[in-house]
Amino acid sequence: MEKYLHVALEKLKEADYGEARFVRITSQDVTVRNGRLESVSESVEEGIGVRAVVGGSIGFAATNRVLIDEVVKASERALAYAKASYKALGKTKPFLSEPRHEGEYRTEVGVDPFTVPVDRKIDLLMKVDEILAKDPKIVLRTGSLHFRKIEKVFVNSEGSFLKQTIYMTGGGYTAYAFVDGVLAHRSYPAPHGGNHLQAGWEFIEEMDFLRYADQIREEAIMFAKADTLKEEMETTLVLGTHQMILQIHESVGHPLELDRAIGYEASYAGTSFARIENLGKLRYGSPLMNIVADATLKRGLGTFGWDDEGVEAQRVDLIREGILVGYLSSRDSAWAIGLNRSGGMARASGFNRMPMVRMTNVYLLPGEGTLDDILSEIKDGVYMDLNKSWSIDQRRLNFQFSTEVAYRIRNGKLAEPLRNVIYYGITPEFWGSMYALAGKDEWKLWGLPHCGKGEPGQSMDTGHGASPAAFRKVRVGSTA
Ligand SMILES: [Zn+2]
């Protein structure tokens, strides 16, 4: 493999910077629906992507045919695109350098999930399905397991030579209850395909699907029978960890992608209200809010040794005590906020995609105490968790989220369940109202494997973590 990559580099000699990246992605997905195996899909995609930089302008080309001739042609195309782009622009743009690195990164895996027989995976999902099916009010049952192995070899003109092997393991299940014309669902451990970590099969065993299936079935029925909020109100809102991480992903992660903030990128998730001239000044949230982007976090879905530009994994502060102090950055964007080194957040979803600024593991540092401590001080409020849907404007400012789970909080305790609850907010105002944040014992790591960005689109694995938190005076209503 190295031979092909070095041939590519050789062809990029005229460029100011060149890199070549081999990527092979092996995937397996198993899906069960209503007691029947819906699909087992397995795929392998591989190829080489080449990037040339001339005067700061980037040219990219890729080939899925790992043959010397094809690699040479891809390199020539990448170089030609970079030159043409530089000529069209008529000026030089910054592209930051990085020290030379050599090494290997591998996800620590207990059991390689690809060595576990498919029958065992199907069997687990079927057993869950049997438990969910015990009540005929459950009208739809789905379960799935997802495994991915990503192998990368990277070389660049700075002399770096990097090998990485990353495993992603995840899954979950959902029960849909239909009671008196009302449909509601509950999932474990979360909706949107469950939870995903950089781990092996042991993570599936840790999640212990069977243990929670009875509870999930009963709660689906309970929420289908639950009342909606009669009227919109402004109240104390407590969010569980899964909804917290969606809130972080949408209202902190995306707006702090530096390419978005400086106007390079607007596809999919829009631009950003968090303008770079406000760096170090913008009050993003309350002093309890400390958010980092950390590509070194053990088991995080956004963890690696080096990003897809050969920049070392880093932990970067984004929000410190509520103030905006950093962005997610890459070699061609970090200069915009005065940095002389990329933050190491340029990632590509495959060999045939250009690296772009992506979230790594963007998480909220824990506070103190427990969720029970927080609840015990609330006379009247609403608790919500497990994201169902979201909507946020193009500048990542006005948002609304609904969740699978909601309860009224009365006199310090969770009281009656509520159905179809939604909350609304404006990013800095909402985060500014966070007045309590639970401690590290209740901090939970989640993986979101399908963050979309770019054109052509790239689906990326991002990691997030949070503890439960409480917010004052949030507008809460009903979706129906
Ligand atoms: Zn996203």
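Check the entry above for the structure.
Rules behind the numbers
- Residues numbered from 1 in each chain as written.
- Predicted model: local features only at pLDDT ≥ 70, side-chain atom pairs only at ≥ 80, totals over all residues.
- Heavy atoms only, no water.
- Core = buried A, V, L, I, M, F, W, Y, C linked by side-chain atoms within 4.5 Å.
- Buried < 20%, exposed > 50% of the residue type's maximum accessible area, 1.4 Å probe, protein only.
- Helix = DSSP H or I, 4+ residues; strand = E, 2+ residues; numbered from the N terminus.
- Domains from an automatic or database assignment.
- Contact = heavy atoms within 4.5 Å.
- 1 Å grid on protein atoms, 1.4 Å probe; cavity = no way out; pocket = protein on both sides within 12 Å on 5 of 7 lines; lining within 4 Å.
- Points joined across faces, edges and corners; volume = space filled by probe spheres on them.
- Donors = N, O, S within 2.8 Å, 3.2 Å for Na, K, Ca; no water.
- Phe/Tyr/Trp six-rings, centres within 6.5 Å; stacked < 30°, edge-to-face > 60°.
- Lys NZ or Arg CZ within 6 Å of the ring centre and 35° of its normal.
- Patch = residues over 30% accessible without salt bridge, like charges linked within 9 Å, V, L, I, M, F, W, Y side chains within 5 Å.
- Areas by Shrake-Rupley, 256 points an atom, 1.4 Å probe, with all protein chains shown as cover.
- Salt bridge = Lys/Arg side-chain N within 4 Å of Asp/Glu carboxyl O.

1. A look at the nonpolar core
Okay, so step 1: Counting residues in hydrophobic clusters, the biggest one holds 102 residues, and the most contacted among them are Tyr284, Leu364, Tyr423 and Trp431.
Okay, so step 2: With 7 residues, the single largest contributor to this core is helix H5 (residues 209-225).
Okay, so step 3: For this core, the two domains that each supply at least three residues are domain 1 (2-225) and domain 2 (233-478).
Okay, so step 4: Those residues in contact with Leu364 that sit more than four places away from it in its chain are Met244, Ile248, Leu288, Met289, Asn290, Ile291, Trp431, Met434, Leu437, Trp443, Gly465 and Ala466.

2. Some words on the environment of Ala466
Okay, so step 1: Following the sequence through the fold, Ala466 ends up in strand S22 (residues 458-466).
Okay, so step 2: For Ala466, a relative accessible area of 0% translates into the label buried.
Okay, so step 3: Leaving out residues up to four positions away in the same chain, Ala466 has contacts with Thr241, Met244, Ile245, Ile248, Leu364, Glu442, Trp443 and Lys444.

3. A closer look at the layout of surface pockets
Okay, so step 1: Roughly 600 Å³ of internal volume is contained in the largest pocket.
Okay, so step 2: Within the residue set of the lining of the largest pocket, elements represented by two or more residues are strand S7 (182-188), H5, strand S16 (380-392), strand S17 (398-410) and strand S21 (444-453).
Okay, so step 3: Here the lining of the largest pocket takes 4 residues from H5, the largest share from any one element.
Okay, so step 4: Counting residues domain by domain, the lining of the largest pocket receives three or more from each of domain 1 (2-225) and domain 2 (233-478).

4. A look at the coordination of the zinc ion
Okay, so step 1: The zinc ion binds to the protein through His249 (NE2), His254 (NE2) and Cys451 (SG); the donor distances cover 2.1 to 2.4 Å.
Okay, so step 2: Going along the chain, you hit the donors of the zinc ion in the pattern H-x4-H-x196-C. Of this pair, His254 sits in the loop between helix H6 (241-253) and helix H7 (258-261) while Cys451 is found in strand S21, placing the two residues 197 residues apart along the sequence.
Okay, so step 3: Classification of His254 by relative accessible area gives buried; the value is 3%.

5. Here we look at the packing of aromatic side chains
Okay, so step 1: If you walk through the whole model with that rule in mind, you get 17 aromatic pairs.
Okay, so step 2: Ring centres of Tyr188 and Phe209 lie 6.1 Å apart, and the angle between their planes is 90°; this geometry places the pair in the edge-to-face category. A residue pair is termed long-range when its members are at least 10 positions apart, and Tyr188 in strand S7 and Phe209 in helix H5 qualify at 21 residues. Each member of the pair Tyr188 and Phe209 is classed as buried.
Okay, so step 3: Through a chain of ring-to-ring contacts, three or more aromatic side chains come together here, namely Phe399, Phe401, Tyr423, Phe430, Trp431 and Phe471.
Okay, so step 4: Against the face of Trp446 rests Lys444, its NZ or CZ located 4.6 Å from the ring centre.

6. Brief notes about unusual backbone geometry
Trans is the common state for peptide bonds, and a negative phi is the common state for residues other than glycine.
Okay, so step 1: The amide bond that connects Tyr188 to the next residue, Pro189, takes the cis arrangement and shows omega of -10°.
Okay, so step 2: You can see Pro189 is positioned in the loop between S7 and strand S8 (195-197).
Okay, so step 3: Between Glu455 and the following residue, Pro456, the backbone shows a cis peptide bond with an omega angle of 0°.
Okay, so step 4: Counting through the fold element by element, Pro456 comes out in the loop between S21 and S22.
Okay, so step 5: Phi is positive for Leu386, which is not a glycine, with a value near 70°.
Okay, so step 6: Inspection of the secondary structure assignment puts Leu386 in strand S16.
Okay, so step 7: With phi around 55°, Asn420 is a residue other than glycine that occupies positive phi space.

7. Observations regarding a nonpolar patch on the surface
Okay, so step 1: A cluster of nonpolar side chains, Val139, Phe178 and Leu183, forms an exposed patch at the surface whose accessible area comes to about 270 Å².
Okay, so step 2: For Val139, the location among the structural elements is in strand S5 (residues 138-156).

8. Describing the pattern of salt bridges
Okay, so step 1: Within the structure shown, the criterion is met by 36 salt bridges.
Okay, so step 2: The salt bridge partner of Glu416 is Arg410, with a shortest N-O separation of 2.6 Å.
Okay, so step 3: Under the relative-accessibility criterion, Glu416 is labelled partly exposed at 32%.
Okay, so step 4: Among the charged side chains, a salt-bridge network with shared partners connects Arg24, Glu46, Lys149 and Glu151.

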